[in-house]
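Read off the chains here:
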Amino acid sequence: MFGLFNNNNIFHWIEKIMNFINSIFFILLLVALSFALIFSPPDYLQGDSVRIMYVHVPAAWIGLGTFSCIAMLSIINFIFKIKHFNLIAKSIAPLGLMFTCLALITGSIWGQPTWGTFWVWDARITSMLILALFYFFFIISHKLISDDEKASRISSIIAIIGFINVPIIRYSVDWWNTLHQPSSIKISGSSTIHTSMLMPLLLMFFVLILYCALIFLMKYKTEIIRIKKKNLKRL
Amino acid sequence: MISNFIFMNGYGLFVWSSFAITFFVCLAVFYKTKKTLKKYEKEFATEIQKLSAEQRKIVLDKSKIASQVLSSYSKTI
């Protein structure tokens, strides 16, 4: 079973999965965009501006999910010192930062027609900005510290501290009076979003997840080659 | 109908700019990541080619990754 975690096997599977994603990605993207921009109905209150939700919400979910994943991997790496987990965390962090920034930008664009302003220092928006800062510090610690082990230790601490912010983001709309609307989709309990809007939202989320997987696999492959190249120099 | 699709009842600028920013950022990150991967593959393949025949044989026998990278790089040039 441990042979599965061998770099040679991982490399082989990365190639296969990347080819599979490449073969279905554009068809799924076209279907998701058609539903998001054409077939889904406008909102009774917000009109067509609600379509921004189809990029804003998946981007925010990915930003939050990625940081939770990095924090979990960092905790495990901190205790058991598993190199692969550190590589995974390092490879997905730029994606998380990108989607957190996209959630902030698209949210700000959505804010103008809905709230009449691009930015407010609201609990949800401010906590998302803090998440982007934690991502930035996590990435910069890997870039600035040349010793891999030290960089991994410091970035793990940043991720673990930053993880405190995740439940704050999640419950900020319940704990404080904010302009941001409460969650429409609940894992436990009934969602307040109609199926005609939920389906395009989940489709767009799935397409963006596939995109993340593709980028992650390319970054992971790059990291494996970088390590192999280092080992080659020792010959 | 087409003008409705473009102008989205006055929200067109907000909707299209959100989708366009997301699309272009995703595209830029995709190309940058691909370029970095190709750069590392090229550097790795060049270093393998620089090795003596005996050393190269040891590396290629030992590492599937090295042989895979070298063969994919040879296909591209």
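Look above for the structure.
Residues numbered from 1 in each chain as written. Chains lettered and ligands numbered in written order. Predicted model: local features only at pLDDT ≥ 70, side-chain atom pairs only at ≥ 80, totals over all residues.

Enquirer: Can you explain unusual backbone geometry? Please cite residues and give values.
Expert: Residues and elements named next belong to chain B. Unusually for a residue other than glycine, methionine 8 sits at a positive phi of about 45°. Turning to its location among the elements, methionine 8 is positioned in the loop between α1 (2–7) and α2 (12–50). Residue classification places methionine 8 among the partly exposed residues on the basis of 19 C-beta atoms within 10 Å. In this model, asparagine 9 sits at a positive phi of 55°, which is unusual for a non-glycine residue. When you line up the elements, asparagine 9 lands in the loop between α1 and α2. (Helix = DSSP H or I, 4+ residues; strand = E, 2+ residues; numbered from the N terminus. Buried ≥ 20, exposed ≤ 12 C-beta atoms within 10 Å, placed from the backbone.)

Enquirer: Go over the environment of glutamate 41 of chain B with me, naming the residues and quoting the values.
Expert: Note on placement: glutamate 41 of chain B falls in helix α2. The exposure class of glutamate 41 of chain B is buried, given the 20 C-beta atoms found within 10 Å. The spatial distance from the C-alpha of glutamate 41 of chain B to the C-alpha of leucine 60 of chain B is 15 Å, given a sequence separation of 19 residues. The residues touching glutamate 41 of chain B, leaving out its near neighbours within four places in the chain, are Ile225 of chain A together with Val69, Ser72 and Tyr73 of chain B. (Contact = placed C-beta atoms within 7 Å.)

Enquirer: Pulling in residues and values, what's your account of the packing of helix α4 (residues 123–144) of chain A against helix α6 (residues 165–175) of chain A?
Expert: All names here are of chain A. Running from N to C, α4 and α6 point in directions that differ by 160°, and their axes come no closer than 8 Å. Taken together, the axis directions place α4 and α6 in an arrangement best described as roughly antiparallel. Like other packed secondary-structure pairs, α4 and α6 cross with a definite hand, here left-handed. Across the interface between the two elements, Ala123, Arg124, Ser127, Met128, Ile130, Leu131 and Phe134 from α4 touch Asn165, Ile168, Ile169, Ser172 and Val173 from α6. In the contact of α4 with α6, the residues fall into eight nonpolar, three polar and one charged. (Axes fitted to C-alpha atoms, helices over the stretch in contact; angles between N-to-C directions. Parallel < 35°, antiparallel > 145°, perpendicular 65-115°, else oblique. Left-handed = near helix turned anticlockwise from the far one by under 90°. Nonpolar A, V, L, I, M, F, W, Y, C, P; charged D, E, K, R; others polar.)

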